[in-house]
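# Structure assessment
Given next are the chains, with one letter for each unit.
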Amino acid sequence: MCIDFGELRDLELEHEEQREWWEANRQELTRSQKDKLFHWIFDEQPFHYRWLVIELSLDNLENPPRLVDDFQRLAPHIDGDLAWREFYDAFRSRVEGHEDLMWDIYEHLIETDDEWLTWMAGVVLAQLPEDQMREITLDLLHADEGTKVRAGLQATLEQYQEQELPEEYISVFRGLALDSESATLQELIRANVVLFEENNQLWDMTVDIAERNPETIPQISRRFASKIENEHLEEYIQILKHGIENGQDVDLAHANQFLQSNFANETETLAEFTIWLDNRDALTSNRLAEDVSRENPEYLPELFSRLDDYEHPLKGQFSFIHAGRSRPAELVQLILEEYDEEKSVFYLELLRKALGELFEHEDTHLSTVEDIYEFLVEHFSSEQFVHALDRDRLNLDDPDVYDEERALGTLREFLIELHTIRDFDDELLETLDEYESLSGHFYDLVGTRIETGRPHPFLYLLRDERKELDFLENNWDRIPQDKRDDLLASTGFYDFLSEIMFYLHLDNQNVAFEPEVPLHDWQTDEPKGNVDLVVDDIFIDIYRPEAWTPLALSNRGRFIPNNAESKILGKFKSKFLGTREMAENPCFIALDIDRSEIDREQVVAALLGSMQVRIYYDEETGETVGEDYVRNTDERLEGDYYLLDKHLNGVIWYETDLVEEEDGVMPALDLGVVPNPEHEDGESNFEICQKLERSLTEGS
């Protein structure tokens, strides 16, 4: 038999078909052909052919010496990686009930020199009845060779998972905790995690391991994060601190996630840890403050009360701003109530930053603005509060001469202008009545928002009588119903509006497309969200990054938060990663860059590299003789995520405009398609991108 590798490529990710192929061909394959097939799979993508890997590796299950040979072939690739859980499950199910076979396999595996094969001996041992495996397991745990000890640990955790561990095992574990090599300690910690729920005494042992062996803390902090209860929290945090103080690479982002999810109500403990962490890793501390405050209303005032615990008050302001993002009105009240003239600079800067957060929070009441104004009048001059860069924006005629009353009045108007969305009245409903289709869809929404004082982007359009209203009214019958309904949502309103413009642009170009097409999980084939549209089997998802509003307000940024690289990578991971369509269909991200800091050159640079000047010199005189422009491919997204390199065909950038035409207001899109030069299809991908760009710009 000759293996048809082209046929096998057609079975990529099709696990049932792979099993059928194996059953149909296994008897005809020689040993050398099976070896060749095995190595071909690992040269391609082993997880895409994992059932063939499993069948190849368990093919000689009833011949232990040959099985060990197959395991040795697999060992360099699997090496205990738990992503191969299906392999372990298949192995366990096939040896279950065959005690003589298990003993034979165990005896062959335990005598090998390979770490993983010896560890697999522990897996086999755990499948035997407890009365048969206990004595051998305890002997392994007392062995001099670390590989055998680790096999014993594996057998123990599998045998006693969700059970109370016999005292003799606890005693052996204590001895291992005091005197073991690093690899054994790592395996002991893994066993403690698995057995912890029914054996709480293992926690004290784990704390001792962390104190004596700081290098184990990254593993302990990650594995125990989801296991501990309130009674363990303070010791867990001490472990985190001990690891950081000893230079260990502790995954604080992972730890923070579980702290805010499971212990957000531990107010004092987390406030103290936030401040301790701020003096070592301010970015992570700020994320923790933001996440915990969102869950716990008592956390922000507790954190604020500990201002003096920070190394410097100005460091504390960043914690307070992050903690106040979900509660900006409470933050402002704390600032106003706790104001201390000796720290006036701190409070002024904190209030300046809080103003930007207030604008972003739709529940802020106008009374808060009035409170801020009264506070400023009482404690500060306008010259202190108003940035020199803001003077023109505040319409101060002469930036060198201050009329205090007028300047503060202008500042007050400016503050209230930021919150005019809460001053909407019934005149908006009169404006809405001029648009028959929109009135039927948005009337209840607008009425409710006016009554409750809560903003919505559609109210801005009405207040300013924006051209978007004419666009929506003129094209209402062409907009899919689900997209009309999406516009009722406050969050993502402009995203949906951009999608509608893209849809209608395609329709105007006579380009056939299908909106809202389901994606599917690559393993289970279960639905995994939708992609915005499909054109000629090309999957396109639309994303409209918004300009960071506080950048234009008082909370001035030191950087531009939106960049093409992060948006492309984030969208690829959230939308296409893990889907069957990612591997089977062309996939594109469409970036509407109209309202962001991203420009078209930044999109091109993300995929092709930044544009740089190359200068040519005369080797003899050193004089410049010429120059041209080249792209630095080292600065592109290459390598940031290998699946993006392989499967994202390209990025569509576009800018939107609305123009008056004979048929009314229509969308006008300026766009381009940037190909991914690293895509697995190579040159043919450039052809796909060129064809798509022609369709989007010239129609079909």
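Residues numbered from 1 in each chain as written. Predicted model: local features only at pLDDT ≥ 70, side-chain atom pairs only at ≥ 80, totals over all residues. Heavy atoms only, no water.

### Here's the deal with the side chain of H456
The test is simple: Helical segments are the DSSP runs of H or I of at least four residues, strand segments are the runs of E of at least two, and each set is numbered from the N terminus. In protein, a polar contact means a hydrogen-donor-capable atom and an acceptor-capable atom, both N or O and within 3.5 Å, with residues adjacent in sequence counting only if both atoms are side-chain atoms; elsewhere, any N or O pair within 3.5 Å suffices. Residue contacts follow a heavy-atom distance rule, with two residues in contact if any of their heavy atoms lie within 4.5 Å.
Along the chain, H456 falls in the loop between α27 (436-452) and α28 (457-464). Only 2.9 Å separates the side chain of H456 from the backbone nitrogen of F458, close enough to count as a polar contact. A polar contact of 3.1 Å, which involves the side chain of H456, links it to the backbone oxygen of L488. Not counting residues up to four positions away in its chain, the partners in contact with H456 are L445, R449, L487, L488, A489, S490 and F493.

### Considering the pairing of strand β1 (residues 514-520)
Put simply, the rule reads: Any two strands are treated as partners once DSSP identifies two or more bridges connecting them.
As paired elements, β1 and strand β2 (residues 527-535) share 5 bridges and run antiparallel to each other. Pairing of H520 across the sheet is with P527, part of β2. Taking the residues that link successive antiparallel strands as the turn, the β1-β2 hairpin has 6 residues, and the phi of D525 there is positive, at about 65 degrees.

### Observations regarding the sheet that holds strand β3 (residues 538-543)
Worth spelling out the cut-off: In this description, a line fitted to the C-alpha atoms serves as the axis of each element, helices being fitted only across the stretch in contact, and the angle between N-to-C directions of two axes falls anywhere from 0 to 180 degrees.
Here 6 strands make up an open sheet; going across it, the order is β1-β2-β3-β4-β7-β8 and the pairing mixed. Two strands in the sheet have a free side with no partner beyond their single neighbour: β1 and β8 (664-675). Strand-to-strand twist of the sheet, defined as the mean angle between neighbouring strand axes without regard to direction, takes the value 40 degrees. Packing against the sheet, helix α29 (residues 467-475) makes contact with β7 (648-661) and β8, and its axis sits at approximately 95 degrees to β8. Contacts between helix α32 (residues 564-575) and the sheet are confined to β1, β2, β3, β4 (587-592) and β7, with β3 contributing the most and set at about 120 degrees to the helix.

### What to know about the packing of aromatic side chains
Geometry of an aromatic ring pair is reported as the spacing of the ring centres plus the angle between the planes. Our working rule: Only centres within 6.5 Å qualify two rings of Phe, Tyr or Trp (six-membered ring in Trp) as a pair; their planes then separate them into stacked at under 30 degrees, edge-to-face at over 60, and tilted for everything else. The buried label goes to any residue with under 20% of its type's maximum accessible area, the exposed label to any with over 50%, and the partly exposed label to all in between, with areas taken from a 1.4 Å probe on protein chains only.
This model, assessed by the stated rule, comprises 27 aromatic pairs. Look at F87 and W116: their rings are 6.1 Å apart centre to centre, the planes differ by 40 degrees, and that puts the pair in the tilted class. With F87 in helix α6 (residues 85-95) and W116 in helix α8 (residues 115-126), this residue pair connects regions lying 29 residues apart in the sequence. The class of F87 is buried, set by a relative accessible area of 1%. You can call W116 buried: its relative accessible area is 3%. Here a set of aromatic residues connected by ring pairs shows up, and it is made of F71, F87, Y88, F91, W116 and W119.

### A short note on helix α17 (residues 267-278)
In an α-helix, one full turn covers 3.6 residues, which means residues spaced three or four apart are oriented alike. To keep it simple, the criterion reads: What a helix is expected to span follows from its residue count: subtract one and scale by 1.5 Å.
Taking 1.5 Å as the rise per residue, α17 with 12 residues should run 16 Å; its terminal C-alpha atoms sit 16 Å apart, in good agreement. For α17, a buried count of 10 out of 12 residues is recorded, marking the element as mostly surrounded by other parts of the structure. Within the sequence span of α17, burial applies to T267, T269, L270, A271, F273, T274, I275, W276, L277 and D278. Looking at the buried side of α17, the elements it contacts are α15 (233-245), α16 (252-262), α18 (282-295), α19 (299-304) and α20 (313-323).

### With respect to the pattern of salt bridges
Spelled out, the test is: When a carboxyl oxygen of Asp or Glu lies within 4 Å of a side-chain nitrogen of Lys or Arg, that pair is called a salt bridge.
In this structure the tally under the stated criterion is 39 salt bridges. Notably, a salt bridge pairs E16 with R19, separated by 3.4 Å at the nearest N-O pair. Placement of both E16 and R19 in helix α2 (residues 15-25) is noted, with a separation of 3 residues, approximately one turn of the helix. Given a relative accessible area of 47%, E16 falls into the partly exposed group.

### Notes on the environment of E601
Along the chain, E601 falls in helix α34 (residues 600-608). A residue is classified by how much of its surface remains accessible, and E601, at 33% relative accessible area, is partly exposed. Considering only alpha carbons, one finds E601 and W653, 52 residues apart in sequence, at a separation of 9.7 Å.

### Here's the deal with a negative patch on the surface
Here is the rule we go by: Think of a patch as exposed residues, more than 30% relative accessible area, with no salt bridge, where like charges cluster within 9 Å and nonpolar side chains (Val, Leu, Ile, Met, Phe, Trp, Tyr) cluster within 5 Å. All accessibility values rest on the Shrake-Rupley procedure with a 1.4 Å probe; residue burial counts only the protein chains present in the view. When charges are tallied, Lys and Arg are placed among the positive residues and Asp and Glu among the negative ones, while His and the ends of the chain are skipped. Positions of charges follow a simple convention, taking NZ of Lys, CZ of Arg, CG of Asp or CD of Glu.
Negative charge collects at one region of the surface, where D425, D426, E427, E430, D433, E434 and E465 lie side by side. Mapped onto the elements, E434 comes out in the loop between α26 (427-432) and α27. Of the residues examined, E434 reaches a relative accessible area of 60% and is grouped as exposed.

### Digging into the nonpolar core
Stated precisely, the cut-off is as follows: By nonpolar core we mean a set of buried residues, namely Ala, Val, Leu, Ile, Met, Phe, Trp, Tyr and Cys, connected to one another through side-chain atoms within 4.5 Å.
If you look at the biggest cluster of nonpolar residues, it comprises 127 residues, and the most contacted ones within it are L37, F71, F87, W116, M120 and F173. Tallying contributions element by element places α8 first for this core, with 9 residues. If near-sequence neighbours (up to four positions away) are discounted, M120 is found in contact with F71, F87, Y88, F91 and L109. Core analysis: the second largest hydrophobic core is formed by 28 residues, I479, F496, L497 and V665 among them.

### Some words on the pairing of β8
The buried fraction of β8 is high, at 10 of 12 residues. For β7 and β8, the ladder comprises 12 bridges, and the chain directions are antiparallel. Following the sheet pairing, I652 is matched in β8 by V673. In sequence, β7 turns back onto β8 through a hairpin of 2 residues.

### Re the environment of R478
Structurally, R478 is set in the loop between α29 and α30 (481-486). Residue classification places R478 among the partly exposed positions, given a relative accessible area of 29%. Sequence-wise, R478 and I500 are 22 residues apart; in three dimensions their C-alpha atoms are separated by 9.4 Å. Within the local environment of R478, its side chain forms a polar contact with the side chain of N475, the two groups lying 2.8 Å apart. Among the polar contacts listed, one links the side chain of R478 to the side chain of N508, at a separation of 2.6 Å.

### A word on unusual backbone geometry
Positioned with a positive phi, D525 is a non-glycine residue whose angle comes to about 65 degrees. Here D525 lies in the loop between β1 and β2. The exposure class of D525 is partly exposed, given its relative accessible area of 41%. At D537, a position not held by glycine, the phi torsion is positive, near 65 degrees. Position of D537 relative to the elements: it lies in the loop between β2 and β3.

### Notes on helix α5 (residues 64-78)
Heads up, the rule is: The reported bend at a residue is simply the angle between two axes, fitted to the 7 residues ending at it and to the 7 residues beginning with it.
Q72 marks the point of greatest bend in α5, at about 30 degrees, and the proline P76 comes within the next four residues. Those residues of α5 lying buried are P64, L67, V68, D70, F71, R73, L74, A75 and I78. As for α5, its buried residues are in contact with α3 (31-44), α4 (50-57), α6, α7 (99-110) and α8.

### Overview of the packing of helix α11 (residues 167-178) against helix α12 (residues 182-195)
To keep things clear, this is the line we draw: The labels follow the angle: roughly parallel below 35 degrees, roughly antiparallel above 145, roughly perpendicular from 65 to 115, and oblique for the rest. By convention the crossing between two helices is left-handed if the near helix lies anticlockwise of the far one by an angle smaller than a right angle, and right-handed if it lies clockwise. Each residue receives one of three labels: charged for Asp, Glu, Lys and Arg, nonpolar for Ala, Val, Leu, Ile, Met, Phe, Trp, Tyr, Cys and Pro, and polar for the others, Gly being one of them.
Between α11 and α12, the least distance of the axes is 10 Å, while the angle of their chain directions is 140 degrees. One finds that α11 runs oblique with respect to α12. In the packing of α11 onto α12, the handedness of the crossing is left-handed. From α11, F173, L176 and A177 reach across to α12, where they touch L185, L188, A191, N192 and L195. Counted by class, the contact of α11 with α12 contains 7 nonpolar, 1 polar and no charged residues.

### As for the packing of α12 against helix α13 (residues 201-212)
Here α12 crosses α13 at 150 degrees, and the two axes come no closer than 10 Å. Considering their axes alone, α12 and α13 lie roughly antiparallel with respect to each other. Where α12 crosses over α13, the handedness of that crossing is left-handed. Touching L185, L188, I189, N192 and L195 of α12 are L202, M205, T206 and I209, all from α13. Taken together, the residues that form the contact of α12 with α13 break down as 7 nonpolar, 2 polar and no charged.

Honestly, that's just the spatial picture; any functional story needs more than this.
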